[in-house]
Structures are given as C-alpha cells and as structure tokens.
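# Overview (structure and organization)
Each chain, letter by letter, is given below.
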Amino acid sequence: MAKDIQPAQAEQARQEEYSALVRTVLISHFDPREPLAFVHTYGCQGNVADSERIKGMLGEMGYGFTDNIGDADLVLYNTCAIREHAEDRVFGNVGALKNLKKAKPSLKIALCGCMMQQQHVAQRIQKSYPFVDLVFGTHVIHRLPELMYRTLCGGSRVFEIPSEDGKIVENVPVRRDSDFKAWLPIMYGCNNFCSYCIVPYVRGRERSRDPEIIIKEAEELAAQGYKEITLLGQNVNSYGKGLDCDINFAKLLRRLNDIDGDFQIRFMTSHPKDCTFELLDAMAECGKAAKHLHLPVQSGNDRVLKEMNRHYDREKYLELIHYAREKMPDLSITSDIIVGFPGETYEEFCDTLSLVEEVEYTSLFTFIYSPREGTKAAKMPDPVTREEKGAWFKELCQLQESIAGRRTAAMKGKVYRVLCESISDKGMLSGRTEGNVIIEFPGSPDNIGKFVNVKVTEPRTWMLFGEEVK
Ligand code: 5AD
Ligand code: SF4
C-alpha cells in the first residue's frame with residue numbers, strides 16, 4: 001500500500017497547484033463577481049457522494065453555487081448509465097443546453113459520471129454535441145482542477161476518459177449537501193459482473209478505502225454533529241478484500257459503532273452472496289446501526305439468478321432473511337427487482353412474486369430490464385415483449401402495494417424514533433423511521449436535523465402520518 005500513497009500525495013499536490021491557477025483565472029474573468037456553478041446529479045448515492053467532492057473542488061477553485069441554471073457560468077452534469085431511460089434523460093437535458101450556450105457563449109459545460117465512461121457515449125458527445133466543453137470519466141474526478149484549467153485556458157474541448165481503475169486519492173475537499181446527513185464512501189467499483197449490469201465496466205474493479213481513514217472521517221462527522229452516516233459501496237459486504245489489515249464489513253461496522261455521538265449508521269448496497277451471519281450479528285448488536293437492510297434479490301427464480309450471475313439461490317437468500325429477522329424482529333427489509341430479464345418466463349417471474357410475498361418487504365425498487373451495451377445479458381435472446389413485461393411489472397407493483405399497506409397499517413399507534421429532514425409550507429415535518437419509512441407530522445423547523453419520537457396516527461400505503469411525543 002505504501003507504494004501507492006506517495007504518488008497519490010504527489011498527485012494531490014499537483015491538483016492543489018492547478019486549483020490555485022484556476023482561482024486566479026476565474027478572478028481575472030469575473031472579478032468583482034463570483035462565478036457560479038450549477039451541478040446536477042443523476043443516479044445513485046455514489047454519484048451524489050462524487051458530486052459532493054466535485055463541488056468541494058469547485059468551491060476551492062473559487063466557484064459559488066446556484067440552483068438556477070440561467071445564472072450559471074459552469075453547468076456540470078454527473079450522469080448515470082444504469083438503464084437506458086437514465087441515459088435518454090441526460091441526452092435530452094444536454095441537448096437543451098445548446099440554446100443556453102448560444103445566449104451566453106462564455107458558459108462552460110461539463111459532463112462526467114458513469115455514462116461518460118462509455119466510449120460510445122463520449123464519441124456521440126464529441127460528434128453531436130459540440131457545445132460541450134469538458135467530458136471526464138469516473139477515474140479522474142480528483143483531477144478536476146487540472147481539467148478545469150485546460151478547459152478554461154486550453155482553447156479546445158477536453159475529453160479525459162482513461163479506462164484504468166482509479167487509485168483512491170484521499171483528502172479531496174468535500175462540500176456536503178446536508179449538515180446532518182452524510183454519505184461516506186467506503187469502497188469504489190464492483191467485481192461482480194452481474195450479467196445485466198454496466199457498473200463494473202464504468203466504475204472499474206472493487207477497491208476499499210483504508211479503514212483508519214474511514215473511521216477518522218466518521219469521527220469528524222460525529223464531532224460536527226451529523227446525525228446519520230450512510231456507508232456507500234456497490235457491494236459493502238465485500239469491504240476490506242485486498243487490504244492488508246484484519247478488517248471486513250462487520251468489523252468496520254463495529255468500529256464505527258464505537259465512535260462517540262448520537263448518530264445512526266446506514267449502509268448500502270449489500271450483495272446477498274457476501275452477506276454473512278457475522279454481519280447480521282454485528283448489525284443486531286450495534287446500537288447505532290439502523291435496523292434497515294437493503295438486500296437486492298433481483299429475482300426469486302434460481303435459473304434466472306444463475307443467468308444473472310448472482311452467485312446465490314432463493315434458498316440461501318431466504319436463509320439470510322430468516323436469520324436477520326430472528327436476530328432483529330423489527331427489521332425493515334427492502335430490495336431491488338428486475339422484471340423481464342432476457343429469457344425469463346412468466347412462470348419464473350411468478351417465483352419472484354412468491355418470494356416477495358414470503359419476505360414481506362417494506363418497499364421495493366422495481367425495474368424493467370434494460371439492455372446495456374457491452375454486458376453479457378445484452379446478447380441474450382429476449383423474446384418477451386415490452387407490453388408483457390409491463391403487465392408483469394404492474395402485477396409486482398400491485399402485490400408490493402398490498403404488502404406495504406399491510407405493513408404500514410401494523411405500525412399504527414406505535415412510536416418511532418425519526419430523524420427530521422425537512423418542513424413543508426404547511427408546517428408538516430418530514431423524516432424517516434429507522435426502517436426508512438417516510439413519516440410526516442406537525443412540528444417546529446427547529447427540529448430539522450434532530451431525532452424526535454413520533455407516534456403513528458394515520459398510516460398510508462407508502463408513508464405515515466403521526467404526532468410528536470415528548
Ligand atoms: N436493467 C434494469 N435494471 C437494472 N439494474 C441494474 N442494471 C439494470 C438493467 N440493465 C437495477 C438492479 C440494481 C439497481 C441499482 O438497478 O436492480 O440493483
Ligand atoms: Fe451491478 Fe451486480 Fe455490481 Fe450491483 S453487484 S453494481 S448489480 S454488477
């Protein structure tokens with residue numbers, strides 16, 4: 001490891017120099033006004049965490065931030081490639097920037113994230129979107145100061161999309177979106193190559209952050225008064241593999257739980273193939289670990305799971321669920337499911353329905369299969385029509401709706417500890433229970449960012465209404 005630390009530090013110093021140069025350039029262009037950046041994030045929490053680092057670096061370079069795209073001097077989209085629909089939205093929104101640039105030729109437009117890491121997408125941007133100034137991939141985010149310098153001063157468009165896995169560069173400045181909820185990446189990349197998934201191709205191989213650095217970051221967050229820390233990784237259960245110290249995810253969770261402070265720990269995403277009883281025991285025993293497990297199953301049918309390259313079967317998945325519920329009777333479980341994987345039959349899909357019925361999830365993220373260029377599944381025969389898949393999807397959603405309704409109804413009259421997140425114009429506070437169910441109740445804005453106890457008075461299917469109890 002020591003071998004890698006030195007180049008990473010040298011790289012960081014280089015970027016700090018570029019950051020200072022950009023600052024000077026921006027002052028000469030904009031003084032006395034502050035240049036403004038509009039940063040928009042598509043996709044998962046991993047992207048949100050990356051954007052917080054991007055904003056941290058832009059802040060050091062001298063940018064302020066705006067939510068009004070019309071006021072921006074820099075528009076940056078951090079994109080997602082997980083499904084076709086996500087990519088279509090980005091292309092549509094990038095296309096719409098053409099007129100903005102026409103009206104304000106000094107505007108700089110930058111694109112980054114998973115979508116840009118794909119060669120065919122970068123080529124399309126190069127050819128058909130000439131008003132885009134900067135495109136960079138997922139492995140060079142920490143080099144943004146250098147890339148911005150080249151964009152502002154180089155006189156030509158910048159495309160920087162190396163395919164090698166990024167070394168983890170620490171100490172990148174972070175500008176967090178919230179002052180009470182924090183995203184804490186513990187690892188990057190994915191090694192699993194689920195046959196439908198683009199992530200391993202655009203995020204590179206799995207690499208874990210040093211546990212001491214993670215713990216230090218969590219200690220700082222707790223000391224700053226953060227109330228929720230969400231540990232992020234594509235497969236947090238395999239955290240620590242490849243590090244030369246005695247650590248795994250269960251041990252990391254226990255160490256984080258020992259940090260002083262009144263905060264809760266969430267984590268995502270867990271892969272069932274690496275989810276161990278050791279982790280479930282740790283979760284049960286760690287007072288700060290929210291009793292919510294997001295454990296994507298994707299399908300309830302063994303043949304489909306095998307074709308998906310998931311490395312577990314229905315029996316092993318259900319064994320984990322039963323063990324988890326035995327250890328944590330109030331555990332809230334959520335999942336991701338793909339409907340209409342290539343070659344899936346209706347009978348096989350019915351196995352997903354029966355699994356959903358058996359597990360009784362709190363909620364589900366359901367997706368119709370979307371072919372991704374370059375993945376194994378994209379080459380598989382896919383005879384079922386979009387309409388049929390749509391009907392299956394609806395059947396699954398209706399089933400989950402009835403389960404969710406049953407589950408929330410059973411919460412009536414019970415008291416939950418809730419982290420208050422926002423307040424509506426009508427004075428209703430909104431927060432989440434430990435199990436990640438949204439609850440709304442009348443209250444004071446002073447409670448935003450605090451834990452309060454709330455009694456459920458009126459359960460709805462997907463959320464709850466309640467009242468604060470002292
Ligand atoms: N099509 C549909 N859903 C997908 N997911 C990942 N790749 C695809 C795809 N090609 C879903 C999986 C994953 C979630 C983040 O997105 O369910 O768990
Ligand atoms: Fe994609 Fe599978 Fe990796 Fe999750 S574990 S990011 S679904 S390849």
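It should be emphasised that the depicted structure is a prediction, and the values quoted were computed from it without experimental measurement.

## Here we look at the overall build of the chain
Counting its secondary structure elements, the chain contains 14 helices and 19 strands. Its C-alpha radius of gyration of 23 Å places the chain within 12% of the 23 Å reference for a compact globule of 470 residues. Among the 470 residues that make up the chain, the fraction classed as buried is 54%. Once local pairs closer than 6 in sequence are excluded, the contacts in the chain between residues at least 24 apart make up 75%. Accessible surface for the chain amounts to roughly 21100 Å². Of this, 50% is attributable to carbon and sulfur atoms. Taking the average place of the 60 positive charges on the side chains of the chain and the average place of its 68 negative ones, the gap between the two points comes to 3 Å.

## Some words on the site of ligand 1
Around ligand 1 sit Ile82, Arg83, Tyr196, Gln298, Asp336, Ile338, Phe367, Ile368, Tyr369, Ser370 and Arg372, and those are all the residues in its vicinity. With respect to ligand 1, the side chain of Gln298 contributes an N or O atom lying 2.6 Å from an oxygen atom. Between ligand 1 and the protein, one listed contact pairs a nitrogen atom with a backbone N or O atom of Ser370 at 2.7 Å. With the chains in place, 86% of the 400 Å² that ligand 1 exposes on its own is no longer accessible. When contributions to the shell around ligand 1 are tallied by element, the ones reaching two or more residues are strand 13 (332–339) and strand 14 (363–368). Residues that form the shell around ligand 1 fall into these classes: 6 nonpolar, 2 polar and 3 charged.

## Some details on helix 9 (residues 249–257)
Side chains of residues three or four places apart in an α-helix project in the same direction, reflecting 3.6 residues per turn. Those residues of helix 9 lying buried are Phe249, Ala250, Leu252, Leu253, Leu256 and Asn257. On an axial view of helix 9, the arc spanned by its buried residues comes to 160°, and they lie on one face. In this structure, the buried residues of helix 9 make contact with helix 8 (211–223), strand 10 (228–232), strand 11 (264–268) and helix 10 (277–285). With a side-chain oxygen positioned 3.1 Å from the backbone nitrogen of Ala250, the residue opening helix 9 is Asn248.

## As for the packing of aromatic side chains
Counted under the stated rule, the structure contains 13 aromatic pairs. The interplanar angle of 15° and the centroid separation of 4.0 Å between the aromatic rings of Phe277 and Tyr323 together place this pair among those described as stacked. Of the two residues, Phe277 sits in helix 10 while Tyr323 sits in helix 12 (residues 314–327), which places them 46 residues apart along the sequence. Seen from their ring centres, Tyr312 and Tyr317 are 6.2 Å apart, and the 35° between their planes marks the pair as tilted. Between Arg124 and the ring centre of Phe91, over which it is positioned, the NZ or CZ distance is 3.5 Å. Between Arg417 and the ring centre of Phe451, over which it is positioned, the NZ or CZ distance is 3.7 Å.

## Observations concerning the site of ligand 2
Around ligand 2 lies a shell formed by Cys190, Asn192, Phe193, Cys194, Tyr196, Cys197, Val199, Pro200, Gln234, His271 and Arg310. For the shell around ligand 2, the class distribution of residues is 7 nonpolar, 3 polar and 1 charged.

## Quick look at unusual backbone geometry
Here Asp31 and Pro32 are connected by a cis peptide whose omega angle stands at 10°. Summarising the element assignment, Pro32 is placed in the loop between helix 1 (2–30) and strand 1 (36–41). Cis rather than trans, the peptide bond between Met268 and Thr269 has omega equal to 5°. Positive phi, normally seen in glycine, also occurs at Asn309, with a value near 65°. Along the chain, Asn309 turns up in the loop between helix 11 (302–307) and helix 12.

## Points about the environment of Arg89
Along the chain, the position of Arg89 falls in helix 3 (residues 84–95). Put simply, Arg89 and Thr79 are 10 residues apart on the chain and 9.6 Å apart in space, counted from C-alpha to C-alpha.

## Here we look at the domain arrangement of the chain
You can read the domains of the chain as domain 1 (3–160), domain 2 (181–409) and domain 3 (415–468). Each of domain 1 and domain 3 has a C-alpha centre, and the two are 36 Å apart.

## What about the sheet that holds strand 12 (residues 292–294)?
Overall, parallel pairing links the 3 strands, which are arranged 12-13-14 in an open sheet. Whereas interior strands pair on both sides, the edge strands pair on one side only; in this sheet they are strand 12 and strand 14. When strand polarity is set aside, the average angle formed by the axes of neighbouring strands in this sheet is 10°. As paired elements, strand 13 and strand 14 share 6 bridges and run parallel to each other. Bridge assignment links Val339 to a residue of strand 14, and that residue is Ile368.

## A look at the pairing of strand 3 (residues 74–79)
Buried residues dominate strand 3, accounting for 6 of its 6 residues. Here strand 3 shows two buried faces, one formed by Leu74, Leu76 and Asn78 and the other by Val75, Tyr77 and Thr79. Both strand 1 and strand 3 contribute to a ladder of 5 bridges, which runs parallel. By the bridge assignment for strand 3, Phe38 is matched with Val75. Pairing analysis gives 6 bridges linking strand 3 to strand 4 (residues 108–113), with the strands arranged parallel. Opposite Val75, over in strand 4, you have Ile109 as the bridge partner.

## Regarding the pairing of strand 13
The buried fraction of strand 13 amounts to 8 of the 8 residues, a majority that puts the element mostly inside the structure. By the alternation rule, side chains of strand 13 split into Ser332, Thr334, Asp336 and Ile338 and Ile333, Ser335, Ile337 and Val339, which are all buried. In this structure, strand 12 lies alongside strand 13, joined through 3 bridges in parallel fashion. Each bridged residue has a counterpart across the sheet, and for His292 the counterpart in strand 13 is Ser332. Between the parallel pair strand 13 and strand 14, the chain is carried across by helix 13 (residues 346–359), and the sense of this crossover is right-handed.

## Some thoughts on the environment of Glu348
Structurally, Glu348 can be placed in helix 13. Its relative accessible area of 11% is what places Glu348 among the buried residues. Along the chain, Glu348 and Met283 lie 65 residues apart, while their C-alpha atoms are 32 Å from each other. The residues touching Glu348, leaving out its near neighbours within four places in the chain, are Asn301, Arg303, Val304 and Gly343.

Rules used throughout
- Residues numbered from 1 in each chain as written.
- Chains lettered and ligands numbered in written order.
- Predicted model: local features only at pLDDT ≥ 70, side-chain atom pairs only at ≥ 80, totals over all residues.
- Heavy atoms only, no water.
- Helix = DSSP H or I, 4+ residues; strand = E, 2+ residues; numbered from the N terminus.
- Rg over C-alpha atoms; globule rule 2.2 N^0.38 Å.
- Buried < 20%, exposed > 50% of the residue type's maximum accessible area, 1.4 Å probe, protein only.
- Contact = heavy atoms within 4.5 Å.
- Areas by Shrake-Rupley, 256 points an atom, 1.4 Å probe, with all protein chains shown as cover.
- Lys, Arg positive; Asp, Glu negative; His and termini not counted.
- Charge placed at Lys NZ, Arg CZ, Asp CG, Glu CD.
- Near = heavy atom within 4 Å.
- Polar contact = N/O pair within 3.5 Å; in protein donor to acceptor, adjacent residues only side chain to side chain.
- Nonpolar A, V, L, I, M, F, W, Y, C, P; charged D, E, K, R; others polar.
- Arc of directions from axis to C-beta.
- Phe/Tyr/Trp six-rings, centres within 6.5 Å; stacked < 30°, edge-to-face > 60°.
- Lys NZ or Arg CZ within 6 Å of the ring centre and 35° of its normal.
- Domains from an automatic or database assignment.
- Pairing = 2+ DSSP bridges.
- Axes fitted to C-alpha atoms, helices over the stretch in contact; angles between N-to-C directions.
- Right-handed = clockwise from strand over helix to strand, strands pointing away.

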